Each structure stands twice: as C-alpha cells, then as structure tokens.
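# Examination of the molecular architecture
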Amino acid sequence: MRPPPGTRRPRPLTPTAYLLMITFRAWLIEIPVAAFNAFVLMDLVYTPRFGTLVAHQIGMSTRIAIILVFAYFITHFARQYSAGSLLLAGVFWMTLWLVFEWGGSLIIGRPVQEILVGWHVEHGYMWPYVLVAYLLAPLLAGAGRCRSACAPRSGASGQSATA
C-alpha cells in the first residue's frame, strides 16, 4: 500500500539517534527520582541527622548509584551501540543535567555562589563526581553488558569443546 501523495515515510532512527532518544527519556524519568533524593532524603532526612556536608555526601553517593542503574537500563533498551555512541550519550546526559541545574537555579534567582558550593571537592562536596558518573556511566554499563552478553560461546550447547 502506497502512502498518500505528499507524505513521506519516516526514516528509521540510526542506532546512535535511538540511544540518545533513550538517554533523553531516562533523564526525564530521572528528574523526579533526583528531586526526591535531594529535597526529601537529603534535606529532610539526612541533614537533620548528619549535617549538611554528610547529607550531601550520602545524597550524591546515592545519586551515583542511581545513575549506574539508569545507565544499565539505557544500554538494555538501546541494544545496539558502540563505545563512541555510549560516550556521546554520556556527554548528552551530563549536558542535560548541567543545563537543567544551572538554568533552573538561575531562573529561580539562586545566587551563583550558592550553586558553586557543591563544586568544592576540596571541602568534601561531590557534584563534580556526579557529573563524571553521568559522563562515564553509559560507557561502563555498555562494557559490563557486553562483557556478560558478548562473550564468545563455544559449541552449540554452550559447553566448551575441550571438556
């Protein structure tokens, strides 16, 4: 059956474009998870018990773990990727968060000095480590998935030929 005149068939997405689409969707799903971690757990649970810095460290460590879980699902749903496309997805994911965090903070009138507090690793803050996690998590998850899923199998039954 032919499409009506004047319409075009959509081209299928390239594997890299599909990976970036999955990464964007993961980011959208992650926003409320990150907000819960920051505004409920860090601010209302950890800070009263442990203080601001330790609450930040617990919250950012939790966020890094969450990032790794999301990266696993990104690679699971993308299925077809290369190391370069995974690194591109990491750059894209990190950039989405930087634009969201800085743009949102500046829109609500948060002072730049207050935004930069989390960047001071010399004082124990961990935001740069979170950004590195966003950058590298897709690549690490892809390498881990490929290590377990891409291992060559010997023999049709999965048993080694030397056994």
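A quick note: this is a predicted structure, and the numbers were derived from the prediction, not measured. (Residues numbered from 1 in each chain as written. Predicted model: local features only at pLDDT ≥ 70, side-chain atom pairs only at ≥ 80, totals over all residues. Heavy atoms only, no water.)

The end-to-end C-alpha separation of helix α3 (residues 83-107) is 36 Å, in line with the 36 Å expected for 25 residues at 1.5 Å each. Turning to α3, its buried residues number three or more, namely Ser-85, Leu-86, Ala-89, Gly-90, Trp-93, Met-94, Leu-96, Trp-97 and Ser-105. Just downstream of α3, Gly-109 is the residue with a positive phi angle, here 85 degrees. (Helix = DSSP H or I, 4+ residues; strand = E, 2+ residues; numbered from the N terminus. Expected span 1.5 Å × (residues − 1). Buried < 20%, exposed > 50% of the residue type's maximum accessible area, 1.4 Å probe, protein only.)

Two side chains of opposite charge can pair, provided their charged atoms sit close to one another. All told, the structure shown has two salt bridges when counted by the stated rule. Put simply, Arg-63 and Glu-101 hold a salt bridge, and the shortest N to O gap is 3.9 Å. Residue Arg-63 is located in helix α2 (residues 52-78), and its partner Glu-101 is located in helix α3; the two are separated by 38 residues in the primary sequence. Taking relative accessible area as the criterion, Glu-101 reaches 24% and is therefore assigned partly exposed. Taking the shortest distance from any N to any O, the salt bridge between Glu-114 and Arg-110 comes out at 3.1 Å. In this structure Arg-110 comes out as partly exposed when scored by relative accessible area, which is 28%. (Salt bridge = Lys/Arg side-chain N within 4 Å of Asp/Glu carboxyl O.)

Before going further, it helps to spend a moment on the packing of helix α1 (residues 15-50) against α2. Between α1 and α2, whose axes approach to 9 Å, the crossing angle comes to 160 degrees. Our classification of the angle between α1 and α2 gives roughly antiparallel. In this structure, α1 meets α2 at a crossing whose hand is right-handed. Each residue belonging to the contact of α1 with α2 can be placed in one class, and the counts come to 20 nonpolar, seven polar and two charged. (Axes fitted to C-alpha atoms, helices over the stretch in contact; angles between N-to-C directions. Parallel < 35°, antiparallel > 145°, perpendicular 65-115°, else oblique. Left-handed = near helix turned anticlockwise from the far one by under 90°. Nonpolar A, V, L, I, M, F, W, Y, C, P; charged D, E, K, R; others polar.)

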